[in-house]
Amino acid sequence: TNLFFYIYWLLFPILIFCNLSLSANSRGDFQYKKMKISAEEWLTNTKEIWKEQEILYIATDEKDKENFFEPFRKAGHKLYFLSDFKELAGLDDMDPNWMGMIDVVVASRGRAFAGSFRSTFSGYINRLRGYYGLSMQDSWFGQPEQKNMMHEFHNVNLDTYAKEWPDAWLGIDADVAPSQDIF
């Protein structure tokens, strides 16, 4: 447990310089094939979110990071992945099952966030952003139909696994019921 927090605090200063997080769509075991989009589509669908030549931290399970994310580099962005800090943070000495958790925590602290709709990985990043008190106006999905879904208050419906709901973080420290008024 101490190693996890050590690595988080080691990477935290990098976030201050990056000012941004992008969770690229879950590529590996993501069961919603329609939600898997190319890097070109990601860039097109989210380009107005990122500042010009902004440094992007990408939390992803994509195996071919160099080639897949090339459109972002060509657009002038400097990209960082957790694997870029392997030596600095001593990640080889850590249980590999923790890598996704570290990615989630680091990605949740960025200036802006874009994730994959229906991804529990992206959903948990949004939930952490809610716990931290960050505005959901700075969270998007990379899929155009769902892009601004986090910007509106919705009560929990039957499709609860598809995204995080404000009920998970609004009013949890007080006697206040989640509502549009406090969203």
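In this numbering scheme, every chain counts its residues from 1 along its sequence in written order. Reporting in this predicted model follows two pLDDT cut-offs: at least 70 for local features of residues, and 80 or more for side-chain atom pairs to be given and counted; totals over whole chains, interfaces and linings ignore these cut-offs and use all residues. Side-chain figures throughout are based on the complete set of non-hydrogen atoms in the structure, without hydrogens or water.

Looking at the packing of aromatic side chains
Two aromatic rings from Phe, Tyr or Trp, using only the six-membered ring of Trp, form a pair when their centres are within 6.5 Å; if the ring planes differ by under 30 degrees the pair is stacked, by over 60 it is edge-to-face, and anything between is tilted. Tallying each qualifying case throughout the model produces five aromatic pairs. Judged by centre distance (5.4 Å) and plane angle (80°), the ring pair of Phe 117 and Phe 141 falls under edge-to-face. One end of the pair, Phe 117, is in the loop between strand S4 (113-115) and helix H7 (120-131); the other, Phe 141, is in strand S5 (residues 139-141), and 24 residues separate them in sequence. Judged on exposure class, the residue Phe 117 and its partner Phe 141 are both buried. Note that Lys 65 overlies the ring of Phe 81, its terminal NZ or CZ placed 5.9 Å from the centroid. Cation placement over rings: the criterion is NZ of Lys or CZ of Arg within 6 Å of the ring centroid and within 35° of the ring normal. One cation-aromatic arrangement involves Arg 109 over Tyr 132; the distance from NZ or CZ to the ring centre is 4.1 Å. The secondary structure listing takes helices from DSSP runs of H or I that are at least 4 residues long and strands from runs of E that are at least 2 residues long, numbered from the N terminus. Throughout, exposure labels follow a simple rule: accessible area from a 1.4 Å probe, protein chains only, divided by the maximum for the residue type, with under 20% read as buried, over 50% as exposed, and the rest as partly exposed.

Some thoughts on the confidence of the model for the protein chain
Detailed reading of the predicted coordinates is not advisable wherever pLDDT falls low. Looking at the protein chain as a whole, the pLDDT averages 79, with 74% of positions reaching at least 70. The spread of mean pLDDT over the elements of the protein chain runs between helix H1 (residues 2-18), the lowest at 55, and helix H4 (residues 70-74), the highest at 94. pLDDT runs from 0 to 100 and stands for how confident the predictor is about each residue.

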